[in-house]
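Examination of the molecular architecture
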Amino acid sequence: CFELHVVGAAAALRSVEAPLKKNGGSVVLFSSVAVQQGFTNHAIISSAKGAIEGMTRALAAEFAPSVRVNAIAPSISHSAMAAPMLGKESMRNTLAKSHPLGRVGEADDSAALASFLLSDEAGWVTGQVIGVDGGRAAVA
């Protein structure tokens, strides 16, 4: 898990660091609401995604001013990975109720934020970890 999420992200960014710094750009990494919330059975993924959050902030400093680096921290969203849990109506309803906005996420929720963060409209945003979690980390 750590190898895939953290070492993989670091290796990918290392391979494009020079052209990114030369040409400018934006990087979006993915964390998880599980870093800020204490969920059972999430120790490994929470620690890996916590490292992603640290990497986001460190690289935002290291790559500035030509490259912005941010992260998105989603809660559970409809996906192939979540299908076993969300395919059960009772579990889907329970999870939806654990979010102040009363539903689980959709891929488009995170995609919309990623699109914004990669755009010039987010030109003053760097080093941020932004939740796309129906309010779960901040309100629930």
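It should be emphasised that the depicted structure is a prediction, and the values quoted were computed from it without experimental measurement.

Among the secondary structure elements, Gly87 is positioned in the loop between α3 (83-86) and α4 (89-97). A relative accessible area of 60% means that Gly87 is categorised as exposed. Sequence separation between Gly87 and His5 is 82 residues, and the spatial gap between their C-alpha atoms is 26 Å.

So, about the nonpolar core. Of all hydrophobic cores here, the largest spans 15 residues; its most connected members are Val27, Leu29, Met55 and Val69. For this core, the secondary structure elements donating two or more residues are α1 (2-23), β1 (25-30), α2 (43-63) and β2 (67-74). Sort the elements by how many residues they give to this core and α2 lands first, with six residues. In this structure Val69 touches Val27, Leu29, Thr56, Leu59, Ala60, Phe63, Thr126, Gly127 and Gln128, once residues within four positions along its chain are discounted. Ranked by size, the runner-up nonpolar core spans seven residues in total, among them Val28, Ile72, Leu113 and Ala114.

Attention now moves to the sheet that holds β2. Ordered in space as β1-β2-β3, the three strands form an open sheet in which the pairing is parallel. Edge positions in the sheet fall to β1 and β3 (129-132), since each has one partner strand and no second. Strand-to-strand twist across the sheet, computed as the mean angle between neighbouring axes with direction ignored, equals 30 degrees. Pairing analysis gives four bridges linking β2 to β3, with the strands arranged parallel. The residue of β3 that forms the bridge with Ala73 is Gly131. Lying on the sheet, α2 is in contact with β1, β2 and β3; it crosses β2 at an angle near 160 degrees. Relative to β2, helix α5 (residues 107-118) is tilted by about 170 degrees, and along the sheet it contacts β1, β2 and β3.

Before going further, it helps to examine the environment of Lys21. On the secondary structure map, Lys21 appears in helix α1. By relative accessible area, Lys21 is classed as partly exposed at 34%. Taking the C-alpha atoms as reference points, Lys21 and Arg57, 36 residues apart in sequence, are found 16 Å from one another. Excluding residues within four positions of it along the chain, Lys21 makes contact with Glu62, Phe63, Ser66 and Val67.

What counts and what doesn't
Residues numbered from 1 in each chain as written. Predicted model: local features only at pLDDT ≥ 70, side-chain atom pairs only at ≥ 80, totals over all residues. Heavy atoms only, no water. Helix = DSSP H or I, 4+ residues; strand = E, 2+ residues; numbered from the N terminus. Buried < 20%, exposed > 50% of the residue type's maximum accessible area, 1.4 Å probe, protein only. Core = buried A, V, L, I, M, F, W, Y, C linked by side-chain atoms within 4.5 Å. Contact = heavy atoms within 4.5 Å. Pairing = 2+ DSSP bridges. Axes fitted to C-alpha atoms, helices over the stretch in contact; angles between N-to-C directions.

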